[in-house]
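# An overview of the molecular structure
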Amino acid sequence: MPVKITIDIFSGRPNPEVEISGKEAQDMLERLKPGAPLAGEEAERAATPILGYRGLIVEQTGTPAVKELPARFRATAGSLVGRGLAHKAADPDFEQFFFSTKGASSKVKEVTKIRALIKEELPRAIDLRKKLVLQLPPFPIKLLCACAPLYEPAWWNDSGQKQFNNNCYNYASNYRTDTFAQPGRAAGAMYTALTCASVLPAAVADALEDTPGANNKCPAEGHLVALVIAPNIDFHWFRKGRNGLWTHKPGGTAVTNVDNSGHLITDPRTANRGMYTDFCTFMVVKHGHIKIN
Amino acid sequence: MDTSRSTKEDRIFTAGVSVFSGRPDPAWTLDEETGSRLQQLFETLESSEEPATPAPPLGYRGAFLRDDSGHEWLAYRSVVTHTAPNRSEARRDPGRKFERALVDSAPQGLVPPGLLAQEFD
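Residues numbered from 1 in each chain as written. Chains lettered and ligands numbered in written order. Predicted model: local features only at pLDDT ≥ 70, side-chain atom pairs only at ≥ 80, totals over all residues. Heavy atoms only, no water.

Our focus in this paragraph is the overall build of chain A. The secondary structure content of chain A amounts to eight helices and twelve strands. Counting the 293 residues in chain A, one finds 47% classified as buried. Partitioning the contacts of chain A with sequence separation of at least 6, the portion at a separation of at least 24 is 61%. Of the roughly 14,100 Å² of accessible surface on chain A, 55% is carried by carbon and sulfur atoms. (Helix = DSSP H or I, 4+ residues; strand = E, 2+ residues; numbered from the N terminus. Buried < 20%, exposed > 50% of the residue type's maximum accessible area, 1.4 Å probe, protein only. Contact = heavy atoms within 4.5 Å. Areas by Shrake-Rupley, 256 points an atom, 1.4 Å probe, with all protein chains shown as cover.)

Structure representation (structure tokens):
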């Protein structure tokens, strides 16, 4: 009865996994047997995605040894959720056991680092799930920016070719070139200084449309981006997503949805942008119209 | 016939600073002697179990050293992380000696001095 357990914690990097079998797997599944059914909103709270540690994904990879458990389910904050499953675990402290020195997490690669991270993340995740305020989505669901790209960080954050060779300009324009694209280079009109006055016309040469009066409102066609400058040092771009929030990709690093204060970005004009102190303008990227390199 | 060439090829080290978003980050080549000296400096640091402090997305995010055999040393604030194929190890550097030595090895003017002053002063 082999069992695969995935520690669901990362966004860009692959999650750590461990496979166990025999008595160890049997003991683990005993602890995970369904107890009392979850009541009221408990099931939805357990299944709601959160940032950071999200629980353990348990997969019975062979013939399921415990019939009451589906082949794949999530164990989080003492609860179990999966197909036909919304119950408390027989051992509600299962995760604490799993991450202890006696637990199967000892077999995970780089376990010391993971434990240090989990020490902070586990109580935070449990507390967060208790406090989650569930909001019913309005009906019909209103898309704030229907034409804007989805926030799909995992697509860019591959710790390889896509991530390292595409920068903020690639991400904002949703255009992968693998060349660390520079405003104006494709049009033979690259910027000559790191100022709004120089980078803005270079982006216009790439067919981005300057919309200084956009005032953080989504365009009817295309999606909104914002140009900011660290004077004489560098430029940076943000893009507005389908949910109305802004995201960005600082150079060759991972895509993120937070600013330098760790806050979600509702308006790049007021976000903590570190050294990128000059807000230049909003611009519109019309899909299929632009050319960058 | 060239008889002066060493039988053992020198390692090539690349150093750099992770700081820009739009422009490529500044990077420079180090000779074997400087790279090895930095590597020895790392070896003098104490092991750390603490995870490295995450850098903010925009601005200075640390300095790196890489060799041509897949080893990378990444220094940010008081932790230096060495990553080699199939393993990684963190060491404490409370005085930021490794990070400063790495940044100081940059050719003059390559890294905007104002940025470094803000970070290290």
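So, about the sheet that holds strand 4 (residues 55-60) of chain A. All names here are of chain A. Strands sit in the order 2-1-4-5-6-7-3 across an open sheet of seven strands; the sheet is antiparallel. At either margin of the open sheet sits one strand with a lone partner, and together these are strand 2 (17-20) and strand 3 (34-37). Averaged over all neighbouring strand pairs, the angle between strand axes comes to 30 degrees, with direction disregarded. Two elements, strand 5 (residues 72-76) and strand 6 (residues 79-82), share four bridges in a ladder whose sense is antiparallel. Looking at strand 6, one finds that Ala-75 is bridged to Leu-80. (Pairing = 2+ DSSP bridges. Axes fitted to C-alpha atoms, helices over the stretch in contact; angles between N-to-C directions.)

This part takes up the pattern of salt bridges. With the rule as written, the count across this model stands at 22 salt bridges over all chains. With its nearest N and O atoms 3.2 Å apart, the salt bridge here joins Glu30(A) to Lys33(A). Classification of Glu30(A) as partly exposed rests on a relative accessible area of 43%. Note that Glu119(B) and Arg77(B) form a salt bridge whose closest N and O atoms lie 2.7 Å from each other. You can see Glu119(B) sitting in helix 3 (residues 113-120) and its partner Arg77(B) sitting in the loop between strand 5 (72-76) and strand 6 (79-84), a full 42 residues away along the chain. With relative accessibility at 35%, the residue Arg77(B) sits in the partly exposed group. Salt bridges sharing common partners tie together Lys4(A), Glu17(A), Glu59(A) and Arg72(A). (Salt bridge = Lys/Arg side-chain N within 4 Å of Asp/Glu carboxyl O.)

This part covers the side chain of His248(A). Structurally, the position occupied by His248(A) is in the loop between strand 11 (246-247) and strand 12 (278-285). Take His248(A): its relative accessible area is 0%, and that puts it in the buried class. When near neighbours in sequence (up to four residues on either side) are disregarded, His248(A) contacts Tyr171(A), His236(A), Trp237(A), Phe238(A), Ala254(A), Val255(A), Thr256(A), Val258(A), Ile265(A), Pro57(B) and Leu58(B).

So, on to the confidence of the model for chain B. All names here are of chain B. Confidence in the prediction of chain B, expressed as mean pLDDT, is 90, and 93% of residues score 70 or more. Between residues 1-7, whose pLDDT stays under 50, and residues either more than four places distant or in other chains, the model counts zero contacts. As scored by the predictor, the complex reaches a pTM of 0.64 and an ipTM of 0.84. (pLDDT = per-residue confidence, 0-100.)

When you line up the elements, Asn216(A) lands in the loop between strand 8 (209-210) and strand 9 (223-230). A distance of 2.9 Å separates polar atoms of two side chains, one belonging to Asn216(A) and the other to Trp246(A). (Polar contact = N/O pair within 3.5 Å; in protein donor to acceptor, adjacent residues only side chain to side chain.)

Here we come to the nonpolar core. Ranked by internal contacts, the top residues of the largest apolar core, which has 40 residues, are Val17(B), Tyr60(B), Leu65(B) and Phe98(B). Broken down by element, the residue count for this core peaks at four residues, all from strand 9 of chain A. Counting residues in hydrophobic clusters, the runner-up holds 30 residues, among them Ile7(A), Leu29(A), Leu69(A) and Ala75(A). (Core = buried A, V, L, I, M, F, W, Y, C linked by side-chain atoms within 4.5 Å.)

Residues and elements named next belong to chain B. In space, the seven strands of this open sheet follow the order 2-1-4-5-6-7-3, with antiparallel pairing throughout. Every interior strand has two partners, whereas the edge strands, strand 2 (27-30) and strand 3 (46-47), have only one. In terms of strand pairing, strand 1 (residues 13-17) meets strand 2 through four bridges, oriented antiparallel. Paired with Thr-14 across the bridge in strand 2 is Thr-29.

Turning our eyes to something else, we now look at the interface of chain B and chain A. With 18 residues of chain B in contact, the opposing surface of chain A contributes 28 residues. Interface area for chain B against chain A, summed over the two sides, is near 1,700 Å², with a carbon-plus-sulfur share of 62%. Linking chain B with chain A are eleven residue pairs in polar contact (both at pLDDT 80 or more). Looking at the side of chain B that touches chain A, its residues break down into nine nonpolar, six polar and three charged. (Buried area = accessible area lost by both parts, 1.4 Å probe. Nonpolar A, V, L, I, M, F, W, Y, C, P; charged D, E, K, R; others polar.)

Let us now look at helix 1 (residues 22-31) of chain A. Among the residues of helix 1 of chain A, Ala25(A), Met28(A) and Leu29(A) are the ones counted as buried. For helix 1 of chain A, the angular spread of buried residues about the axis comes to 95 degrees, placing them on one side. (Arc of directions from axis to C-beta.)

Turning to the pairing of strand 9 of chain A, a few remarks are in order. Residues and elements named next belong to chain A. Among the eight residues that make up strand 9, eight are buried, leaving the element largely enclosed by the rest of the structure. Here strand 9 shows no split at all, with His-223, Val-225, Leu-227 and Ile-229 on one side and Leu-224, Ala-226, Val-228 and Ala-230 on the other all buried. For strand 9 and strand 12, the ladder comprises seven bridges, and the chain directions are antiparallel. When the bridges of strand 12 are listed, His-223 appears paired with Val-285. Counted along the chain from strand 9 to the antiparallel partner strand 10 (residues 234-240), the turn is three residues long, and its residue Asn-232 has a positive phi close to 65 degrees.

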